[in-house]
Amino acid sequence: MEKWRRTSQHLLRYSSGNYLRLGKYPNFNDPIPNSSSGFIRICEKCSSTKIRPSIEHQKNVQICLNSLRGYIGNFQLSIHRNVDNQSYKMQHRNFGSTTKLIQRNPSFATVSAEDIKHFKEILGEKSVIEDEDRLSIANVDWMNKYKGSSKLLLQPRSSDEVSRILKYCNSRRLAVVPQGGNTGLVGGSVPVFDEVIINLGSMNSIISFDEVSGILVCEAGCILENLDSFLANKGFIMPLDLGAKGSCQIGGNVSTNAGGLRFVRYGSLHGNILGLEAVLANGTVLDMLSTLCKDNTGYDLKQLFIGSEGSLGIVTKVSILTPPKLSSTNLAFLACNDYISCQKLLLEAKRKLGEVLSAFEFLDNQSMDMVLTHLEGVRNPIPPSEYNFYVLIETTGSDESYDREKLEAFLLSSMEGGLISDGVVAQDMNQASSFWRIREGITEAVMKAGAVYKYDLSLPVEKMYQIVEEMRLRLGPAAKVLGYGHLGDANLHLNISTSQYDDNVFAQIEPFVYEWTSGNRGSISAEHGLGLMKANEIHYSKSSETVQLMASIKKLFDSNGILNPYKVLPQSLLP
Ligand SMILES: O=C(O)CC[C@@H](O)C(=O)O
Ligand SMILES: [Zn+2]
């Protein structure tokens, strides 16, 4: 039996079972909305992914809630809520079986008019946002995979405001999700249910920069690229560089311990972040904003906030050791015939380029194909042959002719040794950016291709590509399996691209990918975090004793569990 029921927001049409077919537009001839809220229509009978199903199939059409952003682009997952909005179920767009099911923590309050009034007193009217359009953007991640239903977005401008917000939320048991640039890939920066979104974007001041030591102190909402440009004028660079640099914020980078392209040279943020300020769930502002390179006075608590994805506190300020900008950069784009050559090349590069090596990235032929097919204006700089692997090697040093000679000698010997099959060296900045565009554009290209299952694995280098090959065998022609990433850091991005989400494909991938990684003592999250996607999978990379201790730390820092709930740790262990 089917019934219709009106909730505050939506007209819900529900059939048997716990979950709903949801719709706001019972008449299928209604125009499809082109604003940022609305619904996709999918023909269930023919499984068409067309936005407008054919007339004869109209009766079989299902309308799904929360997916317009997907509809604008290549729509991805549909998210269904049950009738009381208490559980969250991500479904593939064919409305197949469940992939994840999470229960809303019943101890959390919901935002009341009284709460809104209080937030307005703290922040002023303008920084308390209830506007549906703005919320619909903040509720969804940029892949359109994860979507919450928060009714409130707060934009504090100071640590004191963050503190007052959290103190209040903690006393009211209002769950919150801290949000930076919202460029994450694991659903860590968007609400799962109705958590209050605390966006740090308005806290974007540079507090100080020491031109001798290169120590930068700034607020969490500074955009990575803006910091890099600021530093370039002073003769310095940020120790990290990511494809998302134009949008991601340093607070988010620190909270996720983002890796990126310069990691092989400058290492992890655990080393480059000298200090930080974080606000705890109860509103305590922890001032650990040291600008010292050395400080062995007791436990290094700031490390707990680096990579804990806002689950222990909200990072509001950071102090970063930035390296000097060196005068000469070279970039080679090389082709290798097999993975073993890539590995040997890495070893050679470490030996022969040593102190000037600043990036060592790789992509396979399938990744190259994806970029060439889906990104406009991109071309393979080593045409016309197709090679199995491509490697980007960047050197950065301070003596142009010496650095160039060093690179050329390395390239020559690697070519003679048969490690490189072909290659080009960028002659100017434009060429260099066009090479980087290939590597950095894979994420965008694979999104354009349809559905994508993403894995971010740390594995021993010699094993790293084996999982890509095994995955290809498992999935056959139904999927394109891409392997690329930060070879210099033994970090593989395994992306599986299919035309649409498919439960059979998914069942072939998980838990196999996690079991394989665990079996090889790898990490299921090298640099992207666990977020919502992998909170329940943490045990594949951490012992149960370690996870228990993490849960105790979480409880100590956030006894009501209001900070970024449902993320990082399994729900069963959260307060
Ligand atoms: O999209 C991905 O899976 C990887 C994104 C990013 O970490 C990269 O290295 O390009
Ligand atoms: Zn990466």
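Residues numbered from 1 in each chain as written. Chains lettered and ligands numbered in written order. Predicted model: local features only at pLDDT ≥ 70, side-chain atom pairs only at ≥ 80, totals over all residues. Heavy atoms only, no water.

A.B. asks: Can you help me understand the overall build of the protein chain in this one?
C.D. replies: Counting its regular elements, the protein chain contains 19 helices and 24 strands. In the protein chain, which comprises 575 residues, the proportion classed as buried is 57%. In the protein chain, of all internal contacts separated by at least 6 residues, the share reaching a separation of at least 24 is 69%. Here the protein chain has roughly 23,900 Å² of accessible surface; of this, 50% comes from carbon and sulfur atoms. (Helix = DSSP H or I, 4+ residues; strand = E, 2+ residues; numbered from the N terminus. Buried < 20%, exposed > 50% of the residue type's maximum accessible area, 1.4 Å probe, protein only. Contact = heavy atoms within 4.5 Å. Areas by Shrake-Rupley, 256 points an atom, 1.4 Å probe, with all protein chains shown as cover.)

A.B. asks: Please explain the packing of aromatic side chains as it appears in this structure.
C.D. replies: The relation between two aromatic rings is expressed through the spacing of the ring centres and the mutual angle of the planes. Overall, the coordinates contain 19 aromatic pairs when judged by the stated rule. Ring centres of Tyr-339 and Phe-362 lie 6.2 Å apart, and the angle between their planes is 55°; on these two criteria the pair is classed as tilted. With Tyr-339 in helix α10 (residues 339–352) and Phe-362 in strand β19 (residues 357–364), the pair connects residues that are 23 residues apart, well separated along the chain. With centroids separated by 5.2 Å and ring planes inclined at 80°, the aromatic side chains of Tyr-453 and Tyr-501 adopt a geometry described as edge-to-face. Here Tyr-501 lies in the loop between β24 (491–498) and α17 (503–509) and Tyr-453 lies in strand β22 (residues 451–458), a separation of 48 residues in the sequence. Taken individually, Tyr-453 and Tyr-501 each receive the classification buried, so the pair is uniform in this respect. Members of the aromatic cluster, joined through ring pairs, are Phe-333, Tyr-387, Tyr-390 and Phe-435. Positioned above the aromatic ring of Phe-512, the side-chain terminus of Arg-474 is 3.9 Å from the ring centre. (Phe/Tyr/Trp six-rings, centres within 6.5 Å; stacked < 30°, edge-to-face > 60°. Lys NZ or Arg CZ within 6 Å of the ring centre and 35° of its normal.)

A.B. asks: Sorry, what's going on with the site of ligand 1 here?
C.D. replies: In the vicinity of ligand 1, the residues found are Leu-185, Arg-439, Thr-443, Lys-454, Tyr-484, His-486, His-493, Asn-495, Glu-527 and His-528. Tyr-484 is positioned with one of its side-chain polar atoms (N or O) 3.2 Å from an oxygen atom of ligand 1. Note that an oxygen atom of ligand 1 is positioned 3.0 Å from one of the side-chain N or O atoms of Glu-527. Considering ligand 1 on its own, with 300 Å² of exposed area, one finds that the protein chains cover 86% of that surface. When contributions to the shell around ligand 1 are tallied by element, the ones reaching two or more residues are β23 (480–486) and β24. Partitioning the shell around ligand 1 into residue classes produces two nonpolar, five polar and three charged. (Near = heavy atom within 4 Å. Polar contact = N/O pair within 3.5 Å; in protein donor to acceptor, adjacent residues only side chain to side chain. Nonpolar A, V, L, I, M, F, W, Y, C, P; charged D, E, K, R; others polar.)

A.B. asks: Just to check I follow, could you spell out unusual backbone geometry for this structure?
C.D. replies: For residues other than glycine, phi is negative in most cases, and the peptide bonds are mostly trans. Glu-510 connects to Pro-511 through a cis peptide bond whose omega is 10°. Note on placement: Pro-511 falls in the loop between α17 and α18 (512–519). Look at Asn-144: it is not a glycine, yet its phi comes out positive at around 65°. Its location among the elements puts Asn-144 in the loop between α3 (132–138) and β10 (153–154).

A.B. asks: Would you take a moment to explain the coordination of the zinc ion (ligand 2) for this structure?
C.D. replies: Coordination angles at a metal have ideal targets, namely 109.5 degrees for four tetrahedral donors and 90 or 180 degrees for six octahedral donors. Coordination of the zinc ion (ligand 2) by the protein is provided by His-486 (NE2), His-493 (NE2) and Glu-527 (OE), with metal-donor distances spanning 1.8 to 2.1 Å. Within one chain, the residues serving as donors to the zinc ion (ligand 2) are arranged as H-x6-H-x33-E. (Donors = N, O, S within 2.8 Å, 3.2 Å for Na, K, Ca; no water.)

A.B. asks: Just to check I follow, could you spell out the state of the cysteines for this structure?
C.D. replies: A covalent bond between the sulfur atoms of two cysteines is what we call a disulfide. A complete count under the given rule lists zero disulfides for this structure. Cysteine Cys-222 is unpaired, with the sulfur of Cys-218 as its nearest cysteine sulfur at 4.2 Å. No disulfide involves Cys-293; its sulfur sits 16 Å from that of Cys-218, the nearest cysteine. (Disulfide = S-S within 2.5 Å.)

A.B. asks: Explain the domain arrangement of the protein chain to me, please; I cannot follow it from the model alone.
C.D. replies: Quoted interface sizes are often the accessible area lost when the parts come together. When its domains are assigned, the protein chain resolves into domain 1 (19–148), domain 2 (206–321), domain 3 (328–442) and domain 4 (450–537). Look at where the C-alpha atoms of domain 2 and domain 4 centre, and you get two points 29 Å apart. At the interface, nine residues of domain 2 touch seven residues of domain 4. For the pairing of domain 2 and domain 4, the buried interface totals around 540 Å² over both sides, and the portion due to carbon and sulfur atoms is 44%. Of all residues in domain 2, Gly-260, Val-264 and Glu-309 give up the largest surface area on contact with domain 4, accounting jointly for 57% of the area buried on that side. In this structure, the connection of domain 2 to domain 4 is made through zero salt bridges. Summed over the shared surface of domain 2 and domain 4, the number is four residue pairs in polar contact (both at pLDDT 80 or more). By residue class, the composition of the side of domain 2 that touches domain 4 is four nonpolar, four polar and one charged. (Domains from an automatic or database assignment. Buried area = accessible area lost by both parts, 1.4 Å probe. Salt bridge = Lys/Arg side-chain N within 4 Å of Asp/Glu carboxyl O.)

A.B. asks: Looking at this structure, how should I read the environment of Asp-228?
C.D. replies: In this fold, Asp-228 is placed in helix α5 (residues 224–234). Judged by relative accessible area, Asp-228 falls into the buried class, the value being 17%. Placed 85 residues apart in sequence, Asp-228 and Met-143 show a C-alpha to C-alpha distance of 25 Å.

A.B. asks: Honestly, the packing of helix α2 (residues 113–123) against helix α4 (residues 159–172) in this entry has me stumped. Any pointers?
C.D. replies: In a pair of packed helices, the angle between the axes and the distance between the axes together describe the arrangement. The geometry of α2 relative to α4 is characterised by a closest axis approach of 10 Å and an angle of 160° between their N-to-C directions. Judged on the interaxial angle alone, α4 and α2 are roughly antiparallel. As α2 runs across α4, the sense of the crossing is right-handed. Every residue of α4 that contacts α2 at Glu-114, Asp-115, His-118, Phe-119, Ile-122 and Leu-123 is listed here: Glu-161, Arg-164, Ile-165, Tyr-168, Cys-169 and Arg-172. Classifying every residue of the contact of α2 with α4 by side-chain character gives six nonpolar, one polar and five charged. (Axes fitted to C-alpha atoms, helices over the stretch in contact; angles between N-to-C directions. Parallel < 35°, antiparallel > 145°, perpendicular 65-115°, else oblique. Left-handed = near helix turned anticlockwise from the far one by under 90°.)

A.B. asks: What is the right way to look at the side chain of Asn-365 in this model?
C.D. replies: Looking at where Asn-365 falls in the secondary structure, it is placed in helix α11 (residues 365–374). For Asn-365, a relative accessible area of 14% gives the class buried. Once residues within four sequence positions are removed from consideration, Asn-365 is found in contact with Glu-386, Tyr-387, Asn-388 and Tyr-390.

A.B. asks: Even after reading the chapter, I still don't get the UniProt feature "domain: FAD-binding PCMH-type" (unreviewed entry) in the protein chain, so can you show me in this structure?
C.D. replies: The residues that UniProt annotates with the feature "domain: FAD-binding PCMH-type" (unreviewed entry) are residues 146–325. Counting secondary structure, residues 146–325 comes out at 24% helix and 22% strand; the distance between its end C-alpha atoms is 38 Å. (UniProt positions renumbered as here; feature names shortened; annotations may be inferred.)

A.B. asks: What is the right way to read the confidence of the model for the protein chain from this model?
C.D. replies: Interpreting fine coordinate detail is not advised for predicted regions of low pLDDT. For the protein chain, the mean per-residue pLDDT works out to 86, and 83% of the residues sit at or above 70. Under a pLDDT of 50 for its full length, residues 1–83 has, in the predicted model, 198 contacts with residues more than four places off or in other chains. Overall fold confidence (pTM) sits at 0.85, and the ipTM for the predicted complex is 1.00. (pLDDT = per-residue confidence, 0-100.)

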